[in-house]
Every structure is written in C-alpha cells, then in structure tokens.
Amino acid sequence: METIDKIKQQISENPILLYMKGSPKLPSCGFSSQAAQAIMSCGEKFAFVDILQNPDIRAELPAYAQWPTFPQLWVEGELIGGCDIIIEMFQKGELQPLIKEAAARRDGEEAAE
Ligand SMILES: N[C@@H](CCC(=O)N[C@@H](CS)C(=O)NCC(=O)O)C(=O)O
Ligand code: FES
C-alpha cells in the first residue's frame, strides 16, 4: 500500500491515534513521552504508531498533516496538535472530555455491531 493510503487508513480507522517516537510505555523522546502521559491519564485505550519504526510515515505525514513535527494527536480524523497543544489542553481540562467522548462513541459503535 502507498504510504499516504496507509496514513489515511490509520487516521480513519482509529478515532484516537497518536503518532509518536517510541511507544507510550517506552517513548523515545521527551515530547512524545509527555504527550503519551497526558493521553494515558485520560484513562482510555488509544492507538499509536511508532514513526521511528515507520520511516515512510515519518517522511510523509508532516506534509499531509500540514504539521511539521511529532508527536501528532488525531481524534476522529482531525489533527488536534503536538505536545504543546496536548499539554495545554490537559492543563485546561479540555483533553479528558475530548478523549472520553471519542472513546465513548468508538466503544458505543463496537457494542452496537
Ligand atoms: N513543540 C513541538 C515539539 C515536538 C518537536 O519539536 N518534535 C521534533 C523533535 S522530536 C520532530 O518531530 N522533528 C521531526 C522529526 O523528528 O521527524 C510540539 O508541540 O509537539
Ligand atoms: S528525538 Fe530529539 S527532541 Fe525528539
């Protein structure tokens, strides 16, 4: 599959998706670590893609996203932002409802199937 199609598929199939360096349990960069920590603290499952293991995605996602860096949080097909935005939303109490609502819709859909 073309990289761009892989990216589009990941974004459409995963309502809460973090592109990051390393994994939430073993992040490879402080920015990715902080972002993953904030999202994990919301208490919902989320998908992640380790861009260090996927150099094609690392190369092509920034242009598609029109966002130059990692991490990148995507919720329901939309780019929310990187580490700074995630942390700011977390501190304002905006991250938890965003994640909780997306998870509720996701898990509700699963239950209805
Ligand atoms: N201020 C950024 C910090 C993230 C950042 O600067 N990431 C850099 C270093 S990890 C990056 O992704 N560079 C491009 C690359 O490594 O492919 C944010 O809010 O996310
Ligand atoms: S890997 Fe060096 S700042 Fe992220």
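Residues numbered from 1 in each chain as written. Chains lettered and ligands numbered in written order. Predicted model: local features only at pLDDT ≥ 70, side-chain atom pairs only at ≥ 80, totals over all residues. Heavy atoms only, no water.

Draft legend 1. Structural view of the side chain of Gln-10. Topologically, Gln-10 is positioned in helix 1 (residues 3-13). By relative accessible area, Gln-10 is classed as buried at 17%. Excluding anything up to four places from it in sequence, Gln-10 contacts Leu-17, Tyr-19, Val-49 and Ile-57. (Helix = DSSP H or I, 4+ residues; strand = E, 2+ residues; numbered from the N terminus. Buried < 20%, exposed > 50% of the residue type's maximum accessible area, 1.4 Å probe, protein only. Contact = heavy atoms within 4.5 Å.)

Draft legend 2. Structural context of the UniProt feature "binding site: [2Fe-2S] cluster" (unreviewed entry) in the chain. Within this numbering scheme, the UniProt entry marks Cys-29 as carrying the feature "binding site: [2Fe-2S] cluster" (unreviewed entry). Of note, Cys-29 is situated in the loop between strand 1 (16-20) and helix 2 (30-40). (UniProt positions renumbered as here; feature names shortened; annotations may be inferred.)

Draft legend 3. Here's a closer look at the sheet that holds strand 1. Taking strand neighbours across the sheet as the criterion, the four strands line up as 2-1-3-4 in an open arrangement whose pairing is mixed. If you trace the sheet from one side to the other, it starts and ends with strand 2 (47-50) and strand 4 (78-81), each paired once. Strand-to-strand twist across the sheet, computed as the mean angle between neighbouring axes with direction ignored, equals 25 degrees. Bridge count for strand 1 against strand 3 (residues 72-75) is four bridges, and the pairing is antiparallel. Across the sheet, the residue bridging to Leu-17 is Trp-74, located in strand 3. (Pairing = 2+ DSSP bridges. Axes fitted to C-alpha atoms, helices over the stretch in contact; angles between N-to-C directions.)

Draft legend 4. Structural context of the packing of helix 1 against helix 3 (residues 55-65). For the pair helix 1 and helix 3, the least separation of the axes is 9 Å and the interaxial angle reads 70 degrees. When the axes of helix 1 and helix 3 are compared, the pair comes out roughly perpendicular. In this structure, helix 1 uses Thr-3, Ile-4, Lys-6, Ile-7, Lys-8, Gln-10 and Ile-11 to contact helix 3, whose residues at the interface are Asp-56, Ile-57, Glu-60, Leu-61 and Tyr-64. Residues of the contact of helix 1 with helix 3, tallied by class, amount to six nonpolar, two polar and four charged. (Parallel < 35°, antiparallel > 145°, perpendicular 65-115°, else oblique. Nonpolar A, V, L, I, M, F, W, Y, C, P; charged D, E, K, R; others polar.)

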